[in-house]
Amino acid sequence: MSTQNKKTLIGLVASDKMTKTVVVEVTRRMIHPVYHKYVQSRQRYKAHDENNDAKVGDRVLIEECRPLSRDKRWRVKQILERAL
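Residues numbered from 1 in each chain as written. Predicted model: local features only at pLDDT ≥ 70, side-chain atom pairs only at ≥ 80, totals over all residues. Heavy atoms only, no water.

Quick look at the sheet that holds strand β5 (residues 74–81)
We apply this condition: Being paired, for any two strands, means DSSP has found at least two bridges between them. Secondary structure follows DSSP: runs of H or I at least 4 residues long count as helices, runs of E at least 2 residues long count as strands, and numbering of each begins at the N terminus. Between N-to-C directions, angles cover 0 to 180 degrees, with each direction set by a line fitted to C-alpha atoms, over the stretch in contact for helices.
With mixed pairing, the 5 strands of this closed barrel are ordered in space as β1-β2-β3-β5-β4. Sheet twist, expressed as the average angle between the axes of neighbouring strands with direction ignored, equals 45°. Both strand β2 (residues 21–31) and strand β3 (residues 38–48) contribute to a ladder of 11 bridges, which runs antiparallel. In the strand pairing of β3, Arg28 is matched with Ser41.

Brief notes about the side chain of Glu63
Put simply, the test is: Each residue is placed in one exposure class: buried if its accessible area under a 1.4 Å probe, protein chains only, is under 20% of its type's maximum, exposed if it is over 50%, and partly exposed if it falls in between. Only heavy atoms enter the contact rule, under which two residues are in contact if any of them lie within 4.5 Å.
Its location among the elements puts Glu63 in strand β4 (residues 59–64). Using a relative accessible area of 15% as the deciding quantity, one classes Glu63 as buried. The residues touching Glu63, leaving out its near neighbours within four places in the chain, are Lys6, Lys7, Thr8, Arg73, Trp74, Arg75 and Lys77.

Some remarks on the nonpolar core
Soluble, globular proteins show a tendency: their nonpolar side chains are buried together. Operational definition: The definition of a nonpolar core used throughout is a set of buried Ala, Val, Leu, Ile, Met, Phe, Trp, Tyr and Cys residues joined through side-chain atoms within 4.5 Å.
Counting 12 residues, the largest nonpolar core consists of Leu9, Val13, Val22, Val24, Val26, Tyr45, Ala47, Ala54, Val60, Ile62, Trp74 and Val76. Going through the elements one at a time, β1 (8–15), β2, β3, β4 and β5 are the ones with two or more residues in this core. With residues up to four places along the chain from it excluded, the contact list for Val60 reads Leu9, Ile10, Gly11, Val13, Val24, Ala54, Val76, Gln78, Ile79 and Leu80.

Section: the packing of aromatic side chains
Aromatic ring pairs are defined here through the distance separating the ring centres and the angle between the ring planes. Selection rule: Two rings from Phe, Tyr or Trp (for Trp, the six-membered ring) form a pair when their centres are within 6.5 Å of each other. A pair whose planes differ by under 30 degrees is stacked, one over 60 is edge-to-face, and the rest are tilted.
For the structure on display, the rule yields 1 aromatic pair. An angle of 55° between the planes, with centres 5.1 Å apart, marks the rings of Tyr45 and Trp74 as tilted. Residue Tyr45 is located in strand β3, and its partner Trp74 is located in strand β5; the two are separated by 29 residues in the primary sequence. Accessibility expressed as a relative area gives 14% for Tyr45, which makes it buried.

Details of the pattern of salt bridges
The criterion, for reference: Here a salt bridge means any side-chain nitrogen of Lys or Arg lying within 4 Å of a carboxyl oxygen belonging to Asp or Glu.
This model, assessed by the stated rule, comprises 6 salt bridges. With its nearest N and O atoms 3.1 Å apart, the salt bridge here joins Glu50 to Lys20. Separated by 30 residues along the polypeptide, Glu50 in the loop between β3 and β4 and Lys20 in the loop between β1 and β2 bring together distant segments of the chain. A relative accessible area of 45% places Glu50 in the partly exposed class. A relative accessible area of 33% means that Lys20 is categorised as partly exposed. The salt bridge involving Arg44 is made with Glu25; its shortest N-O contact spans 3.1 Å. Of this pair, Arg44 sits in strand β3 while Glu25 sits in strand β2, and the two are 19 residues apart along the sequence. Among the residues examined, Glu25 registers a relative accessible area of 22% and is labelled partly exposed. Each of Lys46, Arg70 and Asp71 takes part in one network of salt bridges that share partners.

Listed below in structure tokens is the structure:
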């Protein structure tokens, strides 16, 4: 079995209402091409959470995987920080 480098992202869990699925919101900072100011952009990913461990507000590490459903292409690899 070959080891491949998979894309990983860090984000906050925005929703955990689905079974074995969490919605992770990833925030990026980029410089605007015209105004040269920092702008935040957000994207939401549906990620597979096998044991339903992640809760709203947790900071998680997600990694790319094969398509698991129509929308899920990411898997929760690790919970980095728990919400208070």
